[in-house]
Each structure stands twice: as structure tokens, then as C-alpha cells.
Amino acid sequence: KWPMTNGTKQHQILEILIIIFSKMSQETFKPISKRVFKFLADCVLSNHSKLCEATLDTWINADEKNWVGLNSRIGIKEMYENVSTISEKHWNSQISTKANLALLTMNKLNKNAFQKIKLYYKQLKSQKFREKPPNTTQKAWNLIAQTACAMGANFDLNEKMGEFRELFHNEKRLTLETSRF
């Protein structure tokens, strides 16, 4: 069972797991590689700095022939986002530096996969998802008109909804955003 609050035990267990992964054959490791790298990605975001450092060290010390290098495509895909976040935003400058070194090693081990995932996350960051505020006034009046029509009011429902659409189509909600104009 993973010790949730004891950082020392987490670090020790991670060290044991890394030794086990390094001793496993490629055929044995390949089926579990995705779960292993997801687990390591979670370890990178840990509040315990030793655990984070140990995880980053697995990438920094990786080469083409060890378990990280042989599975670098999967590792990069699963870990890039967390390692990149740590390199930019971690409070400890040493860990931030190690994260940058890990990113350089990822790039060295599998340049193609690294550049693809880097471009993908760059595009995600550049997209600004701004939800359009719902036009609640128009919806409320449409509901009132539908209810009145169902209760026997004498008017054309489609015509009335068209009037509401015309009346409220430019409704804007008050916001604290500053205008660009």
C-alpha cells in the first residue's frame, strides 16, 4: 500500500520500484509501461521534494539502453505535461532545474515524440476556451410563452419566440473584463 503522508517511505518505495523496473526484461515491462509512467508523472507532482527529485533523476540518468530509454515514447507522452509544469512553476529552483534537464533528456532520447507532444501542449495552451454566457432572459421568456401556449393562450408560439430572439439576441451579461475597444 502506498504511504500517502510519509514522504520518506514514498521515496524508499519509489527507489525499490525503479530498481525492479530496471531489472525487468523489455517484454515484461512493455505491457505495464503506460501505468508505470503515469505513476511516475504523479510522483513528479508530489509535495515531497525527494520523491519529485528521484523521479526526475530517472529521466536525467536515462540512456537509450535502459528501461526509460527503450520506452521513451510512452514515457514522454505520459510525463511531459507534469515535468513541463514543474519546470515552470515549482517553488524549489533545484527541482525546476532538474525538470528542465529531464525535458532535455526526453528530447535527446526521442526527439520526434518529444516535439510532437510539446507542440500539442503548446497548441492547447494557446487556445482560449471562453464559454459564451447563456442568454437567460430569452430562455426565460421562451419558457413563459411555451407555458402560456400550453395553457391555451391564443398566439403563434413560433412567431412569439422569433420576437424574443430578435429582442434579446444581443443581450450581454455584466462582466468585470475590460473591453479591448
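Computed from a predicted model, the values in this text were never measured in an experiment. (Residues numbered from 1 in each chain as written. Predicted model: local features only at pLDDT ≥ 70, side-chain atom pairs only at ≥ 80, totals over all residues. Heavy atoms only, no water.)

Engineer: How should I be thinking about helix 4 (residues 49-60) in this particular structure?
Structural biologist: Two residues of an α-helix separated by three or four positions point the same way, owing to the 3.6 residues in each turn. The end-to-end C-alpha distance of helix 4, which contains twelve residues, comes to 16 Å, matching closely the 16 Å that a straight helix rising 1.5 Å per residue would cover. All buried positions along helix 4 are accounted for by Leu51, Cys52, Ala54, Thr55, Leu56, Thr58 and Trp59. Tucked into the core, helix 4 has its buried residues touching helix 1 (7-23), helix 3 (33-44), helix 5 (67-70), helix 6 (72-89) and helix 7 (93-109). (Helix = DSSP H or I, 4+ residues; strand = E, 2+ residues; numbered from the N terminus. Expected span 1.5 Å × (residues − 1). Buried < 20%, exposed > 50% of the residue type's maximum accessible area, 1.4 Å probe, protein only. Contact = heavy atoms within 4.5 Å.)

Engineer: Can you walk me through the confidence of the model for the chain in this structure?
Structural biologist: As a general rule, the predicted coordinates of low-pLDDT regions are not to be interpreted in detail. Scored by pLDDT, the chain has a mean of 84; 88% of the residues are at 70 or more. For the stretch residues 173-181, pLDDT sits under 50, and the model shows three contacts to residues farther than four places along the chain or on other chains. (pLDDT = per-residue confidence, 0-100.)

Engineer: Could you clarify how one ought to interpret the layout of surface pockets in this entry?
Structural biologist: The gaps left among the atoms become clear once a water-sized probe is rolled over them. What the second largest pocket holds in volume is close to 220 Å³. Forming the boundary of the second largest pocket are Tyr80, Glu81, Ser84, Thr85, Glu88, Lys89, Lys118, Tyr121, Lys122, Leu124 and Lys125. Broken down by secondary-structure element, the contributors of at least two residues to the lining of the second largest pocket are helix 6 and helix 8 (111-126). If one sorts the elements of the lining of the second largest pocket by residue count, helix 6 sits on top with six residues. The residue makeup of the lining of the second largest pocket, split by class, is three nonpolar, two polar and six charged. (1 Å grid on protein atoms, 1.4 Å probe; cavity = no way out; pocket = protein on both sides within 12 Å on 5 of 7 lines; lining within 4 Å. Points joined across faces, edges and corners; volume = space filled by probe spheres on them. Nonpolar A, V, L, I, M, F, W, Y, C, P; charged D, E, K, R; others polar.)

Engineer: Teacher, can you tell me more about a positive patch on the surface here?
Structural biologist: On the surface, Lys30, Lys34, Lys38, Arg73 and Lys77 cluster together to form a positively charged patch. Of all the secondary structure elements, the ones that give two or more residues to the positive patch are helix 3 and helix 6. With respect to the helices, strands and loops of the structure, Lys30 is situated in the loop between helix 2 (26-29) and helix 3. Overall, the relative accessible area of 41% leaves Lys30 in the partly exposed class. (Patch = residues over 30% accessible without salt bridge, like charges linked within 9 Å, V, L, I, M, F, W, Y side chains within 5 Å. Areas by Shrake-Rupley, 256 points an atom, 1.4 Å probe, with all protein chains shown as cover. Salt bridge = Lys/Arg side-chain N within 4 Å of Asp/Glu carboxyl O. Lys, Arg positive; Asp, Glu negative; His and termini not counted. Charge placed at Lys NZ, Arg CZ, Asp CG, Glu CD.)

Engineer: Just checking my understanding: could you explain the state of the cysteines for this structure?
Structural biologist: A covalent bond bridging the sulfur atoms of two cysteines is what the word disulfide describes. For the structure shown, the criterion picks out zero disulfides. Cys43 forms no disulfide, and the closest cysteine sulfur to it belongs to Cys52, at a distance of 9.1 Å. Residue classification places Cys43 among the buried residues on the basis of a relative accessible area of 4%. (Disulfide = S-S within 2.5 Å.)

Engineer: Explain the packing of aromatic side chains to me, please; I cannot follow it from the model alone.
Structural biologist: Each pair of aromatic rings is reported with the distance of its centres and the angle of its planes. One pass over the full model with this rule turns up nine aromatic pairs. Ring centres of Tyr80 and Phe114 lie 5.5 Å apart, and the angle between their planes is 80°; this geometry places the pair in the edge-to-face category. Here Phe114 lies in helix 8 and Tyr80 lies in helix 6, a separation of 34 residues in the sequence. Of the residues examined, Tyr80 reaches a relative accessible area of 8% and is grouped as buried. An aromatic cluster of at least three residues, connected via ring pairs, comprises Phe21, Phe29, Phe37, Trp59 and Trp67. (Phe/Tyr/Trp six-rings, centres within 6.5 Å; stacked < 30°, edge-to-face > 60°.)

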